[in-house]
Amino acid sequence: MSENKEKKFEQLFRLYYKELHRSAFRYLRDSESAEEIVQQVFLRLWEKNWQEEVHTSLKAYLYRAVYNESMNFFKKEQRKMKYQSYQQSRQEFVPAADQSAKDLDQKLQVALAKLPEKSRTVFELSRFQEMKYKDIAQTLDLSIKTVEGHMTKALRHLRLELMDYLTVIIFYIIYIL
């Protein structure tokens, strides 16, 4: 680096810093953020070969750079705020959904306990053990049609017992999954 370039840059910094800070402050209404913006603009200017690359008025270039950086900063802050709002609303919703899931699980256990033993066993093997009807029929020494009948009976009973939670389940599936 030439010492001459450093001196010119320092003079440029001293000449425009306060004006650029005021300009950024007008957009952002925050002194620290405005200071960050101006410093970022000067840092980028330093990293460029600014004496050869800036073809317009240097003052106009600096003001435009501060404006662009300020708008970018403003957009980032808006995205942060939207994301934080989303996270907050999600955190408020998730505990309620967790509680509803626990309540539903309890209701399911109570409803399953009300089923006849064979229907409950068939349902549990099908839904919780993920066995096929054919395998359930072989395991319990029943016909496939009998297994289908037990499943129909179990599903009808559960549908009636858990009707109140149907809307919660649908809401959960749509918004959480």
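Above this text is the structure in question.
Now for a quick tour of the structure. Because the structure is a prediction, the values reported are computed rather than measured.

Attention now goes to the packing of helix H1 (residues 3–28) against helix H2 (residues 31–47). As a packed pair, H1 and H2 sit with axes 8 Å apart at the nearest point and diverge in direction by 145°. The way H1 lies across H2 gives a crossing that is right-handed. For the pair formed by H1 and H2, the contact residues are Lys5, Glu6, Phe9, Leu12, Phe13, Tyr16, Tyr17, Leu20, His21, Ala24, Phe25 and Leu28 on the first element and Ser31, Ser33, Ala34, Glu35, Ile37, Val38, Gln39, Phe42, Leu45 and Trp46 on the second.

Looking now at the nonpolar core. Looking at soluble globular proteins, one finds that nonpolar side chains tend to be buried together. Ranked by size, the top nonpolar core spans 18 residues in total, and within it Leu12, Leu20, Val38, Phe42, Leu45, Leu62 and Val66 carry the most contacts. When residues in this core are grouped by element, the largest group, seven residues, is from H1. Among the nonpolar cores identified, the runner-up in size contains 16 residues, and Val122, Leu125, Val147 and Leu158 belong to it.

Attention now moves to helix H7 (residues 144–161). Taking 1.5 Å of rise per residue, the 18 residues of H7 would be expected to cover 26 Å, and the 26 Å separating its terminal C-alpha atoms lies within 8% of that figure. Listed in full, the buried residues belonging to H7 are Val147, His150, Met151, Ala154, His157 and Leu158. One side of H7 carries all its buried residues, which in axial view fall inside an arc of 135°. Away from the buried face of H7 by more than 90 degrees, exposed residues Lys145, Arg159 and Leu160 are located.

Judged by side-chain charge, Lys18, Arg22, Arg26 and Arg29 come together as a positively charged surface patch. Structurally, the position occupied by Lys18 is in helix H1.

Under the definition given, this model contains six aromatic pairs. Considering the side-chain rings of Phe9 and Phe42, the 5.9 Å spacing of their centres and the 90° angle between planes classify their relative orientation as edge-to-face. Placement of the pair is Phe9 in helix H1 and Phe42 in helix H2, with a sequence separation of 33 residues. Neither Phe9 nor Phe42 differs from the other in exposure class; each is buried. Relative to Phe42, the ring of Phe13 lies with its centre 4.8 Å away and its plane at 65°, an arrangement referred to as edge-to-face. With Phe13 in helix H1 and Phe42 in helix H2, this residue pair connects regions lying 29 residues apart in the sequence. Overall, the relative accessible area of 29% leaves Phe13 in the partly exposed class.

Cut-offs applied
- Residues numbered from 1 in each chain as written.
- Predicted model: local features only at pLDDT ≥ 70, side-chain atom pairs only at ≥ 80, totals over all residues.
- Heavy atoms only, no water.
- Axes fitted to C-alpha atoms, helices over the stretch in contact; angles between N-to-C directions.
- Helix = DSSP H or I, 4+ residues; strand = E, 2+ residues; numbered from the N terminus.
- Left-handed = near helix turned anticlockwise from the far one by under 90°.
- Contact = heavy atoms within 4.5 Å.
- Core = buried A, V, L, I, M, F, W, Y, C linked by side-chain atoms within 4.5 Å.
- Buried < 20%, exposed > 50% of the residue type's maximum accessible area, 1.4 Å probe, protein only.
- Expected span 1.5 Å × (residues − 1).
- Arc of directions from axis to C-beta.
- Patch = residues over 30% accessible without salt bridge, like charges linked within 9 Å, V, L, I, M, F, W, Y side chains within 5 Å.
- Areas by Shrake-Rupley, 256 points an atom, 1.4 Å probe, with all protein chains shown as cover.
- Salt bridge = Lys/Arg side-chain N within 4 Å of Asp/Glu carboxyl O.
- Lys, Arg positive; Asp, Glu negative; His and termini not counted.
- Charge placed at Lys NZ, Arg CZ, Asp CG, Glu CD.
- Phe/Tyr/Trp six-rings, centres within 6.5 Å; stacked < 30°, edge-to-face > 60°.

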